[in-house]
Protein chains: 2
Amino acid sequence: MTTLVPVFAALGDDTRWSILTALGAGDASASALADQLPISRQAIAKHLAVLQEVGLVEPVRVGREVRFRVVGAQLGATARQLDEIGRQWDRRLESIKRIAESL
Amino acid sequence: MTTLVPVFAALGDDTRWSILTALGAGDASASALADQLPISRQAIAKHLAVLQEVGLVEPVRVGREVRFRVVGAQLGATARQLDEIGRQWDRRLESIKRIAESL
DNA sequence: CACATGTGCAACGCTTGAGTTGCACCCCAA
DNA sequence: TTGGGGTGCAACTCAAGCGTTGCACATGTG
(Lines give C-alpha, C1' and ligand atoms only; values in the text may rest on other atoms or scores of the structure.)
Protein backbone atom coordinates (compact mmCIF):
# COMPACT_ATOMS: atom_id res chain seq x y z
CA MET A 1 0.00 0.00 0.00
CA THR A 2 1.13 3.50 -0.69
CA THR A 3 1.30 5.56 2.46
CA LEU A 4 -1.90 7.47 2.97
CA VAL A 5 -0.81 10.98 3.91
CA PRO A 6 0.96 11.88 0.64
CA VAL A 7 -2.16 10.82 -1.25
CA PHE A 8 -4.23 13.26 0.78
CA ALA A 9 -1.62 15.94 0.26
CA ALA A 10 -1.88 15.31 -3.48
CA LEU A 11 -5.68 15.54 -3.31
CA GLY A 12 -5.56 18.71 -1.24
CA ASP A 13 -4.98 21.02 -4.18
CA ASP A 14 -7.61 22.54 -6.45
CA THR A 15 -5.39 22.65 -9.52
CA ARG A 16 -4.71 18.93 -9.27
CA TRP A 17 -8.44 18.24 -9.05
CA SER A 18 -8.99 20.29 -12.18
CA ILE A 19 -6.35 18.15 -13.84
CA LEU A 20 -8.00 14.96 -12.61
CA THR A 21 -11.44 16.07 -13.83
CA ALA A 22 -9.96 17.12 -17.17
CA LEU A 23 -8.45 13.64 -17.43
CA GLY A 24 -11.91 12.28 -16.71
CA ALA A 25 -12.87 13.24 -20.25
CA GLY A 26 -10.15 10.92 -21.52
CA ASP A 27 -6.41 10.40 -21.33
CA ALA A 28 -4.41 13.47 -22.19
CA SER A 29 -0.84 14.72 -22.37
CA ALA A 30 0.60 17.61 -20.39
CA SER A 31 0.55 19.76 -23.52
CA ALA A 32 -3.09 18.95 -24.24
CA LEU A 33 -4.01 19.80 -20.65
CA ALA A 34 -2.13 23.07 -20.95
CA ASP A 35 -4.58 24.08 -23.68
CA GLN A 36 -7.57 23.56 -21.39
CA LEU A 37 -6.15 24.93 -18.14
CA PRO A 38 -4.96 28.44 -17.34
CA ILE A 39 -1.46 27.37 -16.27
CA SER A 40 1.72 26.47 -18.10
CA ARG A 41 2.60 23.02 -19.37
CA GLN A 42 5.48 22.69 -16.91
CA ALA A 43 3.25 23.47 -13.95
CA ILE A 44 0.92 20.73 -15.16
CA ALA A 45 3.83 18.37 -15.63
CA LYS A 46 4.87 18.88 -12.01
CA HIS A 47 1.35 18.20 -10.82
CA LEU A 48 1.19 15.06 -12.94
CA ALA A 49 4.47 13.93 -11.38
CA VAL A 50 2.99 14.39 -7.92
CA LEU A 51 -0.17 12.51 -8.89
CA GLN A 52 1.85 9.72 -10.47
CA GLU A 53 4.08 9.51 -7.39
CA VAL A 54 1.09 8.54 -5.25
CA GLY A 55 -0.44 6.28 -7.87
CA LEU A 56 -3.44 8.44 -8.72
CA VAL A 57 -2.38 8.72 -12.34
CA GLU A 58 -0.54 6.52 -14.82
CA PRO A 59 1.60 7.48 -17.84
CA VAL A 60 0.89 5.90 -21.23
CA ARG A 61 3.29 6.47 -24.11
CA VAL A 62 1.51 7.16 -27.38
CA GLY A 63 3.90 7.89 -30.17
CA ARG A 64 6.09 10.73 -29.06
CA GLU A 65 3.69 11.98 -26.41
CA VAL A 66 2.98 10.80 -22.87
CA ARG A 67 -0.69 10.63 -22.00
CA PHE A 68 -1.97 10.18 -18.48
CA ARG A 69 -4.95 8.25 -17.22
CA VAL A 70 -6.63 8.38 -13.82
CA VAL A 71 -6.31 5.25 -11.69
CA GLY A 72 -9.81 5.06 -10.24
CA ALA A 73 -8.87 2.04 -8.17
CA GLN A 74 -6.45 4.13 -6.16
CA LEU A 75 -9.23 6.54 -5.26
CA GLY A 76 -11.34 3.61 -4.11
CA ALA A 77 -8.50 2.12 -2.09
CA THR A 78 -7.81 5.40 -0.37
CA ALA A 79 -11.50 5.82 0.37
CA ARG A 80 -11.65 2.38 1.97
CA GLN A 81 -8.66 3.09 4.18
CA LEU A 82 -10.15 6.40 5.27
CA ASP A 83 -13.46 4.72 6.01
CA GLU A 84 -11.71 2.07 8.08
CA ILE A 85 -10.01 4.76 10.13
CA GLY A 86 -13.36 6.45 10.67
CA ARG A 87 -14.80 3.16 11.90
CA GLN A 88 -11.95 2.74 14.34
CA TRP A 89 -12.81 6.11 15.86
CA ASP A 90 -16.45 5.13 16.08
CA ARG A 91 -15.51 1.89 17.80
CA ARG A 92 -13.41 3.86 20.23
CA LEU A 93 -16.42 6.04 20.98
CA GLU A 94 -18.46 2.89 21.47
CA SER A 95 -15.96 1.68 24.06
CA ILE A 96 -16.18 4.97 25.85
CA LYS A 97 -19.97 4.79 25.82
CA ARG A 98 -19.94 1.27 27.25
CA ILE A 99 -17.62 2.39 30.01
CA ALA A 100 -19.84 5.36 30.77
CA GLU A 101 -22.98 3.20 30.87
CA SER A 102 -21.40 0.67 33.24
CA LEU A 103 -20.75 3.28 35.90
CA MET B 1 -21.44 19.28 2.95
CA THR B 2 -18.09 20.84 3.58
CA THR B 3 -16.06 21.18 0.40
CA LEU B 4 -13.85 18.19 -0.10
CA VAL B 5 -10.49 19.61 -1.08
CA PRO B 6 -9.72 21.51 2.16
CA VAL B 7 -10.45 18.33 4.10
CA PHE B 8 -7.83 16.49 2.06
CA ALA B 9 -5.43 19.37 2.53
CA ALA B 10 -5.98 19.11 6.28
CA LEU B 11 -5.35 15.36 6.16
CA GLY B 12 -2.21 15.78 4.05
CA ASP B 13 0.03 16.64 6.96
CA ASP B 14 1.85 14.22 9.25
CA THR B 15 1.74 16.49 12.28
CA ARG B 16 -2.03 16.75 12.06
CA TRP B 17 -2.33 12.98 11.91
CA SER B 18 -0.19 12.70 15.04
CA ILE B 19 -2.59 15.14 16.67
CA LEU B 20 -5.60 13.14 15.50
CA THR B 21 -4.13 9.88 16.76
CA ALA B 22 -3.22 11.52 20.07
CA LEU B 23 -6.83 12.67 20.34
CA GLY B 24 -7.83 9.07 19.69
CA ALA B 25 -6.73 8.28 23.24
CA GLY B 26 -9.31 10.77 24.48
CA ASP B 27 -10.23 14.42 24.25
CA ALA B 28 -7.37 16.76 25.05
CA SER B 29 -6.49 20.44 25.12
CA ALA B 30 -3.80 22.12 23.08
CA SER B 31 -1.62 22.36 26.18
CA ALA B 32 -2.06 18.70 27.01
CA LEU B 33 -1.14 17.77 23.42
CA ALA B 34 1.92 19.99 23.66
CA ASP B 35 3.22 17.71 26.43
CA GLN B 36 2.97 14.64 24.18
CA LEU B 37 4.16 16.13 20.91
CA PRO B 38 7.53 17.65 20.03
CA ILE B 39 6.10 20.99 18.90
CA SER B 40 4.89 24.09 20.67
CA ARG B 41 1.38 24.65 21.96
CA GLN B 42 0.75 27.43 19.44
CA ALA B 43 1.72 25.23 16.54
CA ILE B 44 -0.76 22.65 17.82
CA ALA B 45 -3.40 25.32 18.28
CA LYS B 46 -3.02 26.33 14.64
CA HIS B 47 -3.35 22.73 13.51
CA LEU B 48 -6.44 22.31 15.66
CA ALA B 49 -7.92 25.42 14.08
CA VAL B 50 -7.34 23.93 10.64
CA LEU B 51 -8.88 20.61 11.67
CA GLN B 52 -11.85 22.37 13.25
CA GLU B 53 -12.30 24.51 10.14
CA VAL B 54 -13.01 21.40 8.06
CA GLY B 55 -15.05 19.69 10.75
CA LEU B 56 -12.59 16.94 11.60
CA VAL B 57 -12.40 18.09 15.20
CA GLU B 58 -14.75 19.73 17.68
CA PRO B 59 -13.99 22.01 20.64
CA VAL B 60 -15.46 21.23 24.07
CA ARG B 61 -15.09 23.74 26.88
CA VAL B 62 -14.22 22.09 30.19
CA GLY B 63 -13.70 24.64 32.93
CA ARG B 64 -11.11 27.05 31.69
CA GLU B 65 -9.65 24.72 29.13
CA VAL B 66 -10.78 23.84 25.62
CA ARG B 67 -10.57 20.17 24.82
CA PHE B 68 -10.92 18.77 21.31
CA ARG B 69 -12.55 15.59 20.13
CA VAL B 70 -12.28 13.85 16.77
CA VAL B 71 -15.43 13.79 14.66
CA GLY B 72 -15.26 10.27 13.26
CA ALA B 73 -18.37 10.86 11.18
CA GLN B 74 -16.56 13.47 9.11
CA LEU B 75 -13.89 10.92 8.21
CA GLY B 76 -16.60 8.49 7.14
CA ALA B 77 -18.42 11.12 5.09
CA THR B 78 -15.22 12.14 3.32
CA ALA B 79 -14.43 8.49 2.62
CA ARG B 80 -17.86 7.97 1.07
CA GLN B 81 -17.49 10.98 -1.18
CA LEU B 82 -14.06 9.83 -2.30
CA ASP B 83 -15.37 6.34 -2.96
CA GLU B 84 -18.21 7.78 -5.01
CA ILE B 85 -15.75 9.72 -7.13
CA GLY B 86 -13.73 6.56 -7.66
CA ARG B 87 -16.87 4.76 -8.81
CA GLN B 88 -17.61 7.51 -11.29
CA TRP B 89 -14.23 7.00 -12.85
CA ASP B 90 -14.79 3.28 -13.02
CA ARG B 91 -18.14 3.86 -14.70
CA ARG B 92 -16.46 6.14 -17.18
CA LEU B 93 -13.98 3.39 -17.96
CA GLU B 94 -16.91 1.03 -18.40
CA SER B 95 -18.44 3.41 -20.93
CA ILE B 96 -15.20 3.56 -22.83
CA LYS B 97 -14.99 -0.22 -22.84
CA ARG B 98 -18.53 -0.58 -24.16
CA ILE B 99 -17.77 1.89 -26.93
CA ALA B 100 -14.58 0.02 -27.78
CA GLU B 101 -16.38 -3.32 -27.86
CA SER B 102 -19.12 -2.01 -30.13
CA LEU B 103 -16.65 -1.11 -32.86
C1' DC C 1 -7.06 38.33 46.70
C1' DA C 2 -3.11 36.46 44.40
C1' DC C 3 -0.89 33.15 41.72
C1' DA C 4 -0.59 30.02 38.17
C1' DT C 5 -2.35 27.58 34.36
C1' DG C 6 -4.65 27.71 29.88
C1' DT C 7 -5.73 30.39 25.99
C1' DG C 8 -5.44 33.94 22.28
C1' DC C 9 -3.12 37.29 19.35
C1' DA C 10 0.81 39.09 16.65
C1' DA C 11 5.14 39.22 14.51
C1' DC C 12 8.95 36.91 12.80
C1' DG C 13 12.13 33.35 10.26
C1' DC C 14 12.31 29.50 7.45
C1' DT C 15 11.02 26.11 4.37
C1' DT C 16 8.14 24.23 0.95
C1' DG C 17 5.40 24.35 -3.00
C1' DA C 18 3.14 26.50 -7.04
C1' DG C 19 3.99 28.74 -11.19
C1' DT C 20 6.94 30.94 -14.59
C1' DT C 21 10.48 31.37 -18.24
C1' DG C 22 14.27 29.72 -21.00
C1' DC C 23 16.70 26.28 -23.20
C1' DA C 24 18.03 21.66 -24.89
C1' DC C 25 16.68 17.30 -26.63
C1' DC C 26 13.95 13.85 -28.90
C1' DC C 27 11.17 12.06 -32.36
C1' DC C 28 7.46 11.79 -35.63
C1' DA C 29 5.94 13.62 -40.20
C1' DA C 30 6.30 16.04 -44.54
C1' DT D 1 16.52 15.29 -43.88
C1' DT D 2 14.55 19.07 -41.77
C1' DG D 3 11.10 21.55 -39.22
C1' DG D 4 7.82 21.56 -35.49
C1' DG D 5 5.35 19.75 -31.75
C1' DG D 6 6.17 17.23 -27.29
C1' DT D 7 8.94 16.42 -23.47
C1' DG D 8 12.48 17.15 -19.81
C1' DC D 9 15.68 19.83 -16.98
C1' DA D 10 17.11 23.97 -14.41
C1' DA D 11 16.84 28.38 -12.26
C1' DC D 12 14.05 31.95 -10.58
C1' DT D 13 10.10 34.55 -8.20
C1' DC D 14 6.46 34.65 -5.12
C1' DA D 15 3.12 33.25 -1.85
C1' DA D 16 1.60 30.18 1.67
C1' DG D 17 2.28 27.14 5.43
C1' DC D 18 4.77 25.40 9.52
C1' DG D 19 6.90 26.47 13.68
C1' DT D 20 8.82 29.67 16.86
C1' DT D 21 8.93 33.34 20.56
C1' DG D 22 6.91 36.96 23.25
C1' DC D 23 3.29 39.07 25.44
C1' DA D 24 -1.46 40.01 27.05
C1' DC D 25 -5.70 38.31 28.91
C1' DA D 26 -8.77 35.42 31.24
C1' DT D 27 -10.20 32.09 34.61
C1' DG D 28 -10.02 28.54 38.09
C1' DT D 29 -7.50 27.26 42.48
C1' DG D 30 -4.83 28.08 46.67
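Throughout what follows, the structure given in this document is the object of discussion. Quick caveat, the model's predicted, so the values are computed rather than measured. (Residues numbered from 1 in each chain as written. Chains lettered and ligands numbered in written order. Predicted model: local features only at pLDDT ≥ 70, side-chain atom pairs only at ≥ 80, totals over all residues. Heavy atoms only, no water.)

Observations regarding the nonpolar core
Residues Leu11, Leu23 and Leu48 of chain A together with Leu11, Leu23 and Leu48 of chain B are the most contacted members of the largest nonpolar core, which totals 57 residues. Apart from the residues within four sequence positions on either side, Leu11 of chain A is in contact with Trp17, Leu20, Leu56 and Leu75 of chain A together with Val5, Phe8 and Leu82 of chain B. (Core = buried A, V, L, I, M, F, W, Y, C linked by side-chain atoms within 4.5 Å. Buried < 20%, exposed > 50% of the residue type's maximum accessible area, 1.4 Å probe, protein only. Contact = heavy atoms within 4.5 Å.)

Some remarks on the sheet that holds strand E3 (residues 65-70) of chain B
Residues and elements named next belong to chain B. Sheet architecture is open: three strands sit in the order E1-E3-E2, paired in antiparallel fashion. Taken across any chain shown, the strands that pair with only one partner, and hence form the sheet edges, are strand E1 (28-29) and strand E2 (57-62). Pairing between E2 and E3: six bridges, direction antiparallel. Of the residues in E3, the one forming a bridge with Val62 is Glu65. Contacts between helix H2 (residues 14-24) and the sheet are confined to E1, E2 and E3, with E3 contributing the most and set at about 95° to the helix. Running at roughly 115° to E2, helix H4 (residues 41-53) makes contact with E2 and E3 of the sheet. (Pairing = 2+ DSSP bridges. Helix = DSSP H or I, 4+ residues; strand = E, 2+ residues; numbered from the N terminus. Axes fitted to C-alpha atoms, helices over the stretch in contact; angles between N-to-C directions.)

Thoughts on the protein's contact with DNA strand D
Surveying the vicinity of DNA strand D reveals 20 residues, the closest of which are Ser31 and Arg64 of chain A together with Ser40, Lys46 and His47 of chain B. For DNA strand D, the fraction of atoms within 4 Å of the protein that belong to sugar or phosphate moieties is 43%. If you list the elements that add at least two residues to the surface near DNA strand D, you get helix H4 (41-53) and strand E3 (65-70) of chain A together with H2 and H4 of chain B. No other element matches H4 of chain B, which puts four residues into the surface near DNA strand D. Counted by class, the surface near DNA strand D contains four nonpolar, eight polar and eight charged residues. (Near = heavy atom within 4 Å. Nonpolar A, V, L, I, M, F, W, Y, C, P; charged D, E, K, R; others polar.)

Considerations on the interface of chain A and chain B
In this complex, chain A contributes 28 residues to the contact, which on the side of chain B involves 28 residues. Between chain A and chain B, roughly 2200 Å² of surface is buried when both sides are summed, and carbon and sulfur atoms account for 76% of that area. Run the count over chain A and chain B and you get zero salt bridges. At the surface where chain A touches chain B, the tally comes to zero residue pairs in polar contact (both at pLDDT 80 or more). Broken down by secondary-structure element, the contributors of at least two residues to the side of chain A that touches chain B are helix H1 (4-11), helix H2 (14-24), E3 and helix H5 (72-101) of chain A. Among the elements that line the side of chain A that touches chain B, the one with the most residues is H5 of chain A, at 14 residues. Counted by class, the side of chain A that touches chain B contains 15 nonpolar, seven polar and six charged residues. (Buried area = accessible area lost by both parts, 1.4 Å probe. Salt bridge = Lys/Arg side-chain N within 4 Å of Asp/Glu carboxyl O. Polar contact = N/O pair within 3.5 Å; in protein donor to acceptor, adjacent residues only side chain to side chain.)

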